[in-house]
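What follows is each chain in one-letter form.
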Amino acid sequence: MELKKGFAEFIGTFVLVLFGTGTAVVTGGEDVLTIAMAFGLSIIAMAYSIGTISGCHVNPAVTVGMWVNKRIDTKTAGIYIVSQVLGAIVATATLLFILNSAGLETSNLGQNSTATVGVLGAVIIEIILTFVFVTVIMDVTGKKGDGKFAGLAIGFALVLVHLLGIKLTGTSVNPARSLSPAIFAGGDALKDVWVFIAAPLIGGILAAIFSKQVLDSEE
């Protein structure tokens with residue numbers, strides 16, 4: 001059962017990264033609404049499919065938040081995170097293959113960047129964006145949430161944070177989504193990828209604590 005859940009997380013993260021970063025690449029990163037919707041719609045589609053198997057975390061920041069609030073155990077969290085990272089890596093490799101096959105530029109693979117706002121600015125922005133995103137997830141999937149509409153709420157929350165973050169950092173809020181393009185792109189993307197791993201994890205942990213202590217998501 002654990003492996004089945006891991007495979008679901010692999011597929012879900014693959015879809016999110018391929019369609020999200022892929023849309024960012026083919027639109028040249030300029031059509032903010034289209035890119036934001038690609039990420040959001042990917043989450044909605046996966047939430048109502050693999051969500052029945054794994055809960056559709058597809059994001060280590062979400063998984064860590066769930067672990068902090070004791071919704072999953074350490075072993076399951078580890079399986080989820082490994083599956084998410086592998087799914088993201090396969091997605092970026094697939095995107096690279098598609099771009100090469102089409103004769104398109106491959107320097108942009110949807111990697112995040114600190115160039116616009118600097119390292120400190122990127123850390124603060126990503127903590128805030130992830131905090132908002134994961135707070136929505138923790139609350140709508142909590143004991144007081146409405147499961148029927150959880151996928152929609154989460155998907156549109158992802159659209160929301162992308163609308164602000166795309167032009168600032170490229171919007172991470174997901175360490176797996178950031179690590180994979182950075183590995184393939186190298187250079188500054190790989191040098192600064194720690195920002196887009198650490199900040200979302202911090203934001204996810206803060207969201208979990210806030211949801212439990214203030215919003216009573218676990219009661």
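See the structure above.
Now for a quick tour of the structure. (Residues numbered from 1 in each chain as written. Predicted model: local features only at pLDDT ≥ 70, side-chain atom pairs only at ≥ 80, totals over all residues. Heavy atoms only, no water.)

Quick notes on the overall build of the protein chain
Item 1. A tally of helices and strands in the protein chain yields 10 helices and 0 strands.
Item 2. What you see in the protein chain, going N to C, is helices and strands ordered as α-α-α-α-α-α-α-α-α-α.
Item 3. Here the protein chain has a C-alpha radius of gyration of 16 Å; the compact-globule value for 219 residues is 17 Å, and the two agree.
Item 4. Principal-axis analysis of the C-alpha atoms places the extent of the protein chain at approximately 50 × 35 × 30 Å.
Item 5. Buried positions account for 49% of the 219 residues belonging to the protein chain.
Item 6. Across the protein chain, every contact between residues at least 6 apart in sequence was considered, and the portion connecting residues at least 24 apart equals 75%.
Item 7. Summed over its atoms, the accessible surface of the protein chain is roughly 9600 Å², and 70% of this surface lies on carbon and sulfur atoms.
Item 8. With 12 positive and 14 negative side-chain charges, the protein chain shows a separation of 8 Å between the mean positions of the two kinds. (Helix = DSSP H or I, 4+ residues; strand = E, 2+ residues; numbered from the N terminus. Rg over C-alpha atoms; globule rule 2.2 N^0.38 Å. Buried < 20%, exposed > 50% of the residue type's maximum accessible area, 1.4 Å probe, protein only. Contact = heavy atoms within 4.5 Å. Areas by Shrake-Rupley, 256 points an atom, 1.4 Å probe, with all protein chains shown as cover. Lys, Arg positive; Asp, Glu negative; His and termini not counted. Charge placed at Lys NZ, Arg CZ, Asp CG, Glu CD.)

Overview of the nonpolar core
Item 1. Residues Phe-133 and Leu-158 are the most contacted members of the largest nonpolar core, which totals 35 residues.
Item 2. If we ignore the near neighbours within four places in the chain, the residues touching Phe-133 are Asn-59, Val-62, Ile-154, Ala-157, Leu-158, Val-161 and Val-173.
Item 3. Residues Val-17, Leu-18, Ala-91 and Ala-176 belong to the second largest nonpolar core, which totals 9 residues. (Core = buried A, V, L, I, M, F, W, Y, C linked by side-chain atoms within 4.5 Å.)

Some remarks on the packing of aromatic side chains
Item 1. This structure, assessed with the given rule, holds 2 aromatic pairs.
Item 2. Here Phe-131 and Phe-210 contribute two aromatic rings whose centre-to-centre distance is 5.3 Å and whose plane-to-plane angle is 55°, an arrangement assigned as tilted. In this pair, Phe-131 sits in helix H6 (residues 118-140) while Phe-210 sits in helix H10 (residues 193-213), placing the two residues 79 residues apart along the sequence. (Phe/Tyr/Trp six-rings, centres within 6.5 Å; stacked < 30°, edge-to-face > 60°.)

Quick notes on H10
Item 1. Over its 21 residues, H10 extends 31 Å from the first C-alpha to the last, a length consistent with the 30 Å expected when each residue adds 1.5 Å.
Item 2. Taken residue by residue, H10 has Val-193, Val-195, Phe-196, Ala-199, Pro-200, Gly-203, Gly-204, Ala-207, Ala-208 and Ser-211 as its buried positions. (Expected span 1.5 Å × (residues − 1).)

Observations regarding the pattern of salt bridges
Item 1. Scanning the entire structure with this criterion turns up 4 salt bridges.
Item 2. Asp-216 is paired through a salt bridge with Lys-144; the nearest N and O atoms lie 3.9 Å apart. With a gap of 72 residues between them, Asp-216 in the segment after H10 and Lys-144 in the loop between H6 and helix H7 (147-165) connect regions that are remote in the sequence.
Item 3. Judged by relative accessible area, Asp-216 falls into the partly exposed class, the value being 24%.
Item 4. We note a salt bridge from Lys-191 to Asp-192, for which the minimum N-O separation is 3.1 Å.
Item 5. Among the residues examined, Lys-191 registers a relative accessible area of 53% and is labelled exposed. (Salt bridge = Lys/Arg side-chain N within 4 Å of Asp/Glu carboxyl O.)

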